[in-house]
Amino acid sequence: MNLDIFKKDLIKYLKDRGDWVFSDEILIDELIFSIQLLKKTQKDVVKEGYRVDVSRKPGKLPYYQINTAVIGNQMAQKRIDVLYTKLSLSPQDRFKMKIEVAEKADELDKIING
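The following refers to the structure shown. Bear in mind the structure is a predicted one, so any value in this text is a computation, not a measurement.

Analysis parameters
- Residues numbered from 1 in each chain as written.
- Predicted model: local features only at pLDDT ≥ 70, side-chain atom pairs only at ≥ 80, totals over all residues.
- Heavy atoms only, no water.
- Axes fitted to C-alpha atoms, helices over the stretch in contact; angles between N-to-C directions.
- Helix = DSSP H or I, 4+ residues; strand = E, 2+ residues; numbered from the N terminus.
- Left-handed = near helix turned anticlockwise from the far one by under 90°.
- Contact = heavy atoms within 4.5 Å.
- Nonpolar A, V, L, I, M, F, W, Y, C, P; charged D, E, K, R; others polar.
- Expected span 1.5 Å × (residues − 1).
- Buried < 20%, exposed > 50% of the residue type's maximum accessible area, 1.4 Å probe, protein only.

Let's shift gears to the packing of helix H1 (residues 3-17) against helix H2 (residues 24-48). A pair of packed helices can be characterised by two numbers: the angle between their axes and the separation between those axes. As a packed pair, H1 and H2 sit with axes 11 Å apart at the nearest point and diverge in direction by 145°. Seen along the crossing, H1 lies across H2 with a hand that is right-handed. On H2, the residues that touch Leu3, Phe6, Lys7, Leu10, Ile11 and Leu14 of H1 are Asp24, Glu25, Ile28, Asp29, Leu31, Ile32, Ile35 and Gln36. Class assignment for the residues of the contact of H1 with H2 results in nine nonpolar, one polar and four charged.

Listed below in structure tokens is the structure:
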């Protein structure tokens, strides 16, 4: 997902609905940051697993704790939900936006592919 395009599309969508105020850009930037954080924590969990061995001495039995990326991932998910709510975007609105973005991509594909 290109987050610059996402930001422009989201601003346009809010303006078209008449829900845009300039301060919403701060919320959108926070939303984008949270999405980036979510992606990073997901990669870390895939790479390191949901638990990590924190024992310091070789040869000792492993001592596992939850990977902090799991907690960061959960916090990012909650933050994204809160920010969508602050922007007055319901799950139905987000679904509608995905359809509109997909339609734009299809039109662009037609132009590119002739």
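Still to come is the rest of the account.
So, about H2. Along an α-helix, residues three or four apart share an orientation, since each turn contains 3.6 residues. An ideal rise of 1.5 Å per residue puts 36 Å on 25 residues; H2 measures up with 36 Å between its terminal C-alpha atoms. Taken together, the buried positions of H2 are Asp24, Leu27, Ile28, Leu31, Ile32, Ser34, Ile35, Leu38 and Thr41. Close packing links the buried residues of H2 with H1 and helix H3 (68-86). One or two positions beyond H2, positive phi appears at Gly49, with a value near 95°.

Any functional reading would require information that these geometric values do not contain.
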